[in-house]
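Here's the letter readout for the chains.
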Amino acid sequence: MSRPRTTPGPAPSAPRNAPDTPRSAPRDTSDASRATPREARGGRVRDNAPWTAFGGDLHLDLTERRAAGAGLRAALEDALREAVQDGRLAPGTRLPSSRALGEDLGIARNTVVEAYGQLTAEGWLGSRPGSGTTVAERAAPRPAGRPATVRADRRPTGRHDLLAGRPDLSLFPRSAWLASARRALAVAPHDAFDYGSPLGRIELRRALSDYLARVRGVRTDPDRLLVCAGFGQGLGLLAAALRGRGAGRIAVEGYGLPPQREVLRAAGLGLAPLPLDCSGARTDLLDGLGGAGGAAERLGAVLLTPAHQFPTGAALAADRRAAAVRWARERDGYVIEDDYDGEFRYDRQPLGAMQALDPDRVVYGGTAAKSLAPGLRLAWLALPDELVEPVARLKALADTMSPVTDQLTFAELITSGRYDRHVRRCRLHYRRRRDLLVAALAERAPRVRVTGIAAGLHAVLQLPPGSPPEAELLERARAAGLVLTGLDWYRAGPDTSPNDAPNDAPDTAPEAAPALVVGYATPSDHAFPAALDALCGILRES
């Protein structure tokens, strides 16, 4: 019994009236068939088409070698070999196909094939069917004169991170941020992704203007707000603008963040430290810091953390706030208010922003580094009218403008109410952390006095008289895997003005017993108990 005869249909890539293709025709597996997938397959190019893996660009300069008399193949081999040797082509890097590289360099494909073959034989390259040509795995030589590793992050590391200045990064609201990003990108106008104002996106400036007025009592409007990449950048822009206005020095609190002092010095400003006590910085001494030696000694501003002094935790008394504003009015100066953790208050009424006393003389600086995450690089300045233009001009010179998508997302996070809900959750979380720290120390190290805990994300542990020096305590902490700092690390030294201007301010603080600064917010929930045990262990020994 004979089977019914079937007639094969036309190939999907050929028209119905096309002549039949002989079955004996061999398949074309050359580079040409891979390089023209649309014509060869008659369909849309797929994202995972094999040719895309071999079509990457590769810069090779054969000019000097050719000028020295080397042949094309020898010049190509030397250039590839050197690129592998100096690490420009890392092990595993896929090289372009022989046809693509030949076309880019203007040489015959066979020359590239021969060069690849020679370097493969020497062990510089590797080749597997279907995978193209790659740089072979081998021990890369260490560049001369360079260390084996360079740490971009200057923060020390250990098993238990109790450094002040960072939030619990596990609290970052990923779902809320993602939802806000989707909404913000869906409604953003096309011109939002063009070059824009150095002040920042208007959506975020409007949202911040309303939020800061409601939560911190700041008096500003969107046209006087500038978005910057962290408070450090904003401080640098302000310092440069003040230097341009003739300032030679700036007053700083006797204890503060050393990187901020570095920023001010880098802008050419000398430092005049102000003493501290339980009521904050001695702003009543500002009048005595003006100097009589000309522009090099002119005090142009004072940098304060009035709501929660960093790191001692004191709140600036009302009369000292008024004294600082009076000084700024009378001496044509400015107060720079660093409100780094203004949302986190526990045992006292929230203190409003000092900027409300005189928006024309107080620059308000805020940041999302503590409420969200420092990696976002989102901060803002509420500027007096006279500083808007010079600071915006310096911002445009620094980086043109801050990234747009994060600004739009943050604006949506604020206006949707998600940011308020996140801050409230964080406030409860950090308050519980603080209470656990205080309770553990009261039970296991009762002689230690804990201060600066009414607000913020860190505490100062004042050790009893007779305790070992801070350096010894910190060495014990390192041995126990603890990463923290002593209070003395934050202390501002004598004025180190670039112009060697004298400093008439008294010493910032009298000699005192050792103290440790503990950031209780940094560890995640599962790591905090072990960090607390390690901390109490070294304090018991002291």
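A brief look at the structure comes next. (Residues numbered from 1 in each chain as written. Predicted model: local features only at pLDDT ≥ 70, side-chain atom pairs only at ≥ 80, totals over all residues. Heavy atoms only, no water.)

### Let's talk about the overall build of the protein chain
Line of reasoning, step 1. Secondary structure assignment for the protein chain yields 16 helices and 17 strands.
Line of reasoning, step 2. Evaluated residue by residue, the protein chain yields a buried proportion of 48% over its 542 residues.
Line of reasoning, step 3. A sequence separation of at least 24 residues applies to 75% of the contacts in the protein chain between residues at least 6 apart.
Line of reasoning, step 4. With an accessible surface of roughly 27,300 Å², the protein chain has 52% of that area assigned to carbon and sulfur atoms. (Helix = DSSP H or I, 4+ residues; strand = E, 2+ residues; numbered from the N terminus. Buried < 20%, exposed > 50% of the residue type's maximum accessible area, 1.4 Å probe, protein only. Contact = heavy atoms within 4.5 Å. Areas by Shrake-Rupley, 256 points an atom, 1.4 Å probe, with all protein chains shown as cover.)

### Considering empty space enclosed by the protein
Line of reasoning, step 1. Going through the model one piece at a time under the given rule, you end up with 3 cavities of 30 Å³ or more.
Line of reasoning, step 2. A volume near 60 Å³ is recorded for the largest cavity.
Line of reasoning, step 3. Lining of the largest cavity is provided by Ala164, Gly165, Arg166, Phe310, Tyr340, Asp341, Lys370, Gly456, Leu457 and His458.
Line of reasoning, step 4. Across the lining of the largest cavity, the residue classes tally to 4 nonpolar, 3 polar and 3 charged.
Line of reasoning, step 5. Put simply, the second largest cavity is a space of about 50 Å³.
Line of reasoning, step 6. In terms of lining residues, the second largest cavity is bounded by Tyr211, Leu212, Arg216, Asp339, Gly342, Glu343, Tyr364, Gly366, Thr367 and Trp380.
Line of reasoning, step 7. Sorting the residues of the lining of the second largest cavity by element identifies helix 8 (202–215) and strand 11 (362–367) as the ones contributing at least two each. (1 Å grid on protein atoms, 1.4 Å probe; cavity = no way out; pocket = protein on both sides within 12 Å on 5 of 7 lines; lining within 4 Å. Points joined across faces, edges and corners; volume = space filled by probe spheres on them. Nonpolar A, V, L, I, M, F, W, Y, C, P; charged D, E, K, R; others polar.)

### Description of helix 11 (residues 318–330)
Line of reasoning, step 1. Its 13 residues give helix 11 an end-to-end C-alpha distance of 18 Å, which sits within 8% of 18 Å, the value for a rise of 1.5 Å per residue.
Line of reasoning, step 2. Asp332 occupies a position one or two residues after helix 11 and carries a positive phi of about 55 degrees. (Expected span 1.5 Å × (residues − 1).)

### Quick notes on the pattern of salt bridges
Line of reasoning, step 1. This structure, assessed with the given rule, holds 30 salt bridges.
Line of reasoning, step 2. Residues Arg331 and Asp287 are paired through a salt bridge, measuring 3.8 Å at the closest nitrogen-oxygen approach. One end of the pair, Arg331, is in the loop between helix 11 and strand 10 (334–338); the other, Asp287, is in the loop between strand 8 (280–281) and strand 9 (299–304), and 44 residues separate them in sequence.
Line of reasoning, step 3. In this structure, the salt-bridge partner of Lys395 is Asp399, at a minimum N-O distance of 3.1 Å. One end of the pair, Lys395, and the other, Asp399, are both in helix 12 (residues 385–399), 4 residues apart, so they sit about a helical turn from each other.
Line of reasoning, step 4. Judged by its relative accessible area of 0%, Lys395 is buried. (Salt bridge = Lys/Arg side-chain N within 4 Å of Asp/Glu carboxyl O.)

### A closer look at the pairing of strand 1 (residues 125–128)
Line of reasoning, step 1. In this sheet, strand 2 (residues 132–135) lies alongside strand 1 in antiparallel orientation, the contact comprising 4 bridges. If you follow Arg128 over to strand 2, its bridge partner there is Gly132.
Line of reasoning, step 2. Taking the residues between adjacent antiparallel strands as the criterion, strand 1 and strand 2 are bridged by 3 residues, where Gly130 takes a positive phi near 85 degrees. (Pairing = 2+ DSSP bridges.)

### A look at the nonpolar core
Line of reasoning, step 1. Core analysis: the biggest nonpolar cluster contains 31 residues, and Leu461, Leu484, Leu535 and Leu539 have the highest contact counts within it.
Line of reasoning, step 2. Elements that contribute at least two residues to this core include exactly helix 14 (418–444), strand 14 (458–462), helix 15 (470–479), strand 17 (515–519) and helix 16 (528–541).
Line of reasoning, step 3. Looking at this core, the element that brings in the most residues is helix 16, giving 8 residues.
Line of reasoning, step 4. Sequence-distant contacts of Leu535, that is, excluding residues within four places in its chain, are made with Leu162, Leu437, Leu461, Leu482, Leu484 and Val518.
Line of reasoning, step 5. In terms of nonpolar packing, the next biggest core, distinct from the first, is built from 29 residues, Leu226, Ala239, Ala379 and Leu381 among them. (Core = buried A, V, L, I, M, F, W, Y, C linked by side-chain atoms within 4.5 Å.)

### Some thoughts on the packing of helix 9 (residues 231–244) against helix 10 (residues 258–266)
Packed helices, taken two at a time, are described by the angle between their axes plus the distance between the axes.
Line of reasoning, step 1. Interaxial distance between helix 9 and helix 10 falls to 9 Å at its minimum, and their mutual angle equals 30 degrees. With respect to each other, helix 9 and helix 10 are oriented roughly parallel. For helix 9 against helix 10, the interelement crossing comes out right-handed. Along its contact with helix 9, which presents Phe231, Gly232, Leu235, Gly236 and Ala239, the element helix 10 presents Gln260, Val263 and Leu264.
Line of reasoning, step 2. Partitioning the contact of helix 9 with helix 10 into residue classes produces 5 nonpolar, 3 polar and no charged. (Axes fitted to C-alpha atoms, helices over the stretch in contact; angles between N-to-C directions. Parallel < 35°, antiparallel > 145°, perpendicular 65-115°, else oblique. Left-handed = near helix turned anticlockwise from the far one by under 90°.)

### Focus on unusual backbone geometry
Line of reasoning, step 1. Here Phe310 and Pro311 are connected by a cis peptide whose omega angle stands at 10 degrees.
Line of reasoning, step 2. Positive phi is not limited to glycine here, since Asp332 has a value of about 55 degrees.
Line of reasoning, step 3. Along the chain, Asp332 turns up in the loop between helix 11 and strand 10.
Line of reasoning, step 4. Residue Asp332 is classed as partly exposed on the basis of its relative accessible area of 35%.
Line of reasoning, step 5. Unlike most non-glycine residues, Thr400 shows phi in positive territory, near 70 degrees.
Line of reasoning, step 6. By the element assignment, Thr400 lies in the loop between helix 12 and helix 13 (404–415).
Line of reasoning, step 7. Its relative accessible area of 35% is what places Thr400 among the partly exposed residues.

### Observations regarding the sheet that holds strand 11
Whenever strands of a sheet pair, they do so through backbone hydrogen bonds, lying parallel or antiparallel.
Line of reasoning, step 1. One open sheet accounts for 7 strands, arranged 4-12-11-10-9-5-6; its pairing is mixed. The open sheet has two free edges, formed respectively by strand 4 (225–228) and strand 6 (270–274), since each of these has just one partner strand. Strand-to-strand twist in this sheet, taken as the mean axis angle between neighbours without regard to direction, amounts to 20 degrees.
Line of reasoning, step 2. Inspection of the sheet shows strand 4 paired to strand 12 (residues 379–382) by 4 bridges, in the antiparallel sense. Bridging across to strand 12, Val227 finds its partner in Trp380.
Line of reasoning, step 3. Across the face of the sheet, helix 8 comes into contact with strand 4, strand 11 and strand 12 while running at roughly 115 degrees to strand 4.
Line of reasoning, step 4. Docked against the sheet, helix 10 engages strand 5 (249–253), strand 6, strand 9 and strand 10, running at close to 140 degrees with respect to strand 6.

Honestly, it's all geometry; don't read function into it.
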